[in-house]
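Residue strings, one per chain:
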Amino acid sequence: MRLASKPVGLPAIASHDLVSQIARALTDAIIAGRLAPGAKVAEAAIARELGVSRAPVREAARLLESQGLLVAIPSRGFFVRTHAPADIDDLYDLRICIEKHAAVQAAARLTPEGRIALRRQLDVLYETAATNDPARQVEEDYRFHRLICEMSGNRRLLRLFDDLASELRIVIGLIGRLYDDPHRIAQTHEPLLESIENGDTAHILAAFEYHLTDPWRGVAQLVATLATARSKPTEPTA
């Protein structure tokens, strides 16, 4: 007899745009660790938990596979992707290039409205730091960085950043585990806004270089630690 998979705390889903909503719910579950690296995405159980059919769950899984969050194994289904330290290195290497260039361009094009939008988003980061909602904290952090890419005026750069969205959310979630106080994460974004407002290219590059590289080693080490934990055999219970 097969045991039913345990619920993973997915939210209720509205009737419109099912696939996107399911994909986002699964992404949030992965970010929060409710769906751990290497875990099987049990389509039937998830469909039952969300109150939908299996078809949109399968489509959402395929979407997340294309975004690098899930892997499909023939005859076995979809599993949460496990990241190696080398994957983190590749992602950070690309992210640093994108965001440093975007920040310089955003500063050159900065308007009073743009400055207000960045400050407002930073205020939202502080507000969500006071909530017990890691998924929202990750999302607002991601939105701050995406806003800078959007303000660069380079549509192809923004598209490239969006292509990394799911993996970046995972990385931002891992960064959150490195800090005891989420308010500290919000504070680390202050120098980014200050550098863009200042407009000096060297200042911008230095601020973004530090912001992105400072947690890099910690995230890579955390990924390595999680991989080691997964590889250890489970101790038998008495």
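How each quantity is defined
Residues numbered from 1 in each chain as written. Predicted model: local features only at pLDDT ≥ 70, side-chain atom pairs only at ≥ 80, totals over all residues. Heavy atoms only, no water. Helix = DSSP H or I, 4+ residues; strand = E, 2+ residues; numbered from the N terminus. Buried < 20%, exposed > 50% of the residue type's maximum accessible area, 1.4 Å probe, protein only. Contact = heavy atoms within 4.5 Å. Areas by Shrake-Rupley, 256 points an atom, 1.4 Å probe, with all protein chains shown as cover. Core = buried A, V, L, I, M, F, W, Y, C linked by side-chain atoms within 4.5 Å. Expected span 1.5 Å × (residues − 1). Arc of directions from axis to C-beta. Salt bridge = Lys/Arg side-chain N within 4 Å of Asp/Glu carboxyl O. Lys, Arg positive; Asp, Glu negative; His and termini not counted. Polar contact = N/O pair within 3.5 Å; in protein donor to acceptor, adjacent residues only side chain to side chain. Pairing = 2+ DSSP bridges. Axes fitted to C-alpha atoms, helices over the stretch in contact; angles between N-to-C directions. Parallel < 35°, antiparallel > 145°, perpendicular 65-115°, else oblique. Left-handed = near helix turned anticlockwise from the far one by under 90°. Nonpolar A, V, L, I, M, F, W, Y, C, P; charged D, E, K, R; others polar. Phe/Tyr/Trp six-rings, centres within 6.5 Å; stacked < 30°, edge-to-face > 60°. Lys NZ or Arg CZ within 6 Å of the ring centre and 35° of its normal.

1. Some words on the overall build of the protein chain
- Summing up its helical and strand segments, the protein chain has twelve helices and three strands in all.
- Expressed as a percentage of the 238 residues in the protein chain, the buried residues total 44%.
- Contacts in the protein chain between residues at least 24 apart in sequence constitute 69% of all its contacts with a sequence separation of at least 6.
- On the protein chain, roughly 12900 Å² of surface is accessible, and the fraction owed to carbon and sulfur atoms is 53%.

2. Focus: the nonpolar core
- Within the largest apolar cluster, 65 residues are counted, with the highest numbers of intra-cluster contacts made by L70, I88, L118, I148 and I196.
- Residue contributions to this core peak at ten residues, all from helix α4 (residues 85-108).
- When sequence neighbours within four positions are dropped, the list of residues in contact with I148 reads A102, A103, A106, L118, I196 and F208.

3. A word on helix α3 (residues 54-66)
- With 13 residues, α3 ought to run about 18 Å at 1.5 Å a step, and its terminal C-alpha atoms sit 19 Å apart, in line with that.
- Among all positions in α3, only P56, V57, A60, A61 and L64 are buried. All buried residues of α3 project into a common sector of 145 degrees when viewed along the axis, lining one side.
- Elements that come into contact with the buried residues of α3 comprise α1 (18-31), α2 (43-50), β2 (70-73) and β3 (77-80).
- In the stretch just after α3, G68 is the one whose phi turns positive, near 90 degrees.

4. A short note on the pattern of salt bridges
- Per the stated rule, a full pass over the model turns up 19 salt bridges.
- Connected through shared salt-bridge partners, R24, D28, R136, E139, E140, R143 and R169 make up one network.

5. Here we look at α1
- Helix length check: α1, at 14 residues, gives a terminal C-alpha distance of 20 Å against a target of 20 Å (1.5 Å per residue), a fit within 8%.
- Every buried residue of α1 is listed here: I22, A23, A25, L26, T27, D28, A29, I30 and I31.
- Among the structural elements, α2, α3, β2, β3, α6 (134-151) and α8 (165-176) are those in contact with the buried residues of α1.
- Positioned one or two residues after α1, G33 has a phi angle of 85 degrees, which is positive.

6. Regarding the side chain of D141
- Within the fold, D141 resides in helix α6.
- Notably, D141 is buried but unbridged: the nearest opposite-charge side chain belongs to R95, and the N-O separation is 5.0 Å.
- With sequence-adjacent residues up to four places away left out, D141 is seen in contact with L125, I172, I185 and H189.

7. Brief notes about the environment of E190
- Summarising the element assignment, E190 is placed in helix α10 (residues 190-198).
- E190 sits 68 residues away from L122 along the chain, and the two C-alpha atoms are 7.7 Å apart.
- Among residues more than four places away in sequence, those in contact with E190 are R119, L122 and Y126.
- Of note is the side chain of E190, whose polar atom sits 3.0 Å from the side chain of Y126.

8. Brief notes about the sheet that holds strand β1 (residues 40-41)
- Across the sheet, three strands lie side by side as β1-β3-β2; this open sheet has antiparallel pairing. Edge positions in the sheet fall to β1 and β2, since each has one partner strand and no second.
- As judged from the four bridges shared by β2 and β3, these two strands associate in the antiparallel manner. Of the residues in β3, the one forming a bridge with V71 is F79.

9. Here we look at the packing of helix α5 (residues 112-129) against α6
- Contact geometry of α5 with α6 gives a least axis separation of 9 Å together with a crossing angle of 170 degrees. Here α5 lies roughly antiparallel to α6, going by the angle between them. As for the relative orientation of α5 and α6, their crossing is left-handed in sense. Residues G114, A117, L118, Q121, L122, V124, L125, T128 and A129 of α5 form the contact with α6, whose participating residues are R136, Q137, E140, D141, R143, F144, L147, I148 and M151.
- Taken together, the residues of the contact of α5 with α6 break down into ten nonpolar, four polar and four charged.

10. Comments concerning the packing of aromatic side chains
- Counted according to the given criterion, the structure contains two aromatic pairs.
- Geometrically, the ring pair formed by Y92 and W216 is stacked, given 5.4 Å between the ring centres and 10 degrees between the ring planes. Here Y92 is found in helix α4, whereas its partner W216 is found in helix α12 (residues 216-231), with 124 residues between them in sequence. Here Y92 and W216 have matching classes, each one buried.
- Positioned above the aromatic ring of Y142 is the side chain of R169, whose terminal nitrogen or guanidinium carbon lies 4.3 Å from the ring centre.

Function-wise, these values are silent; they only describe arrangement.
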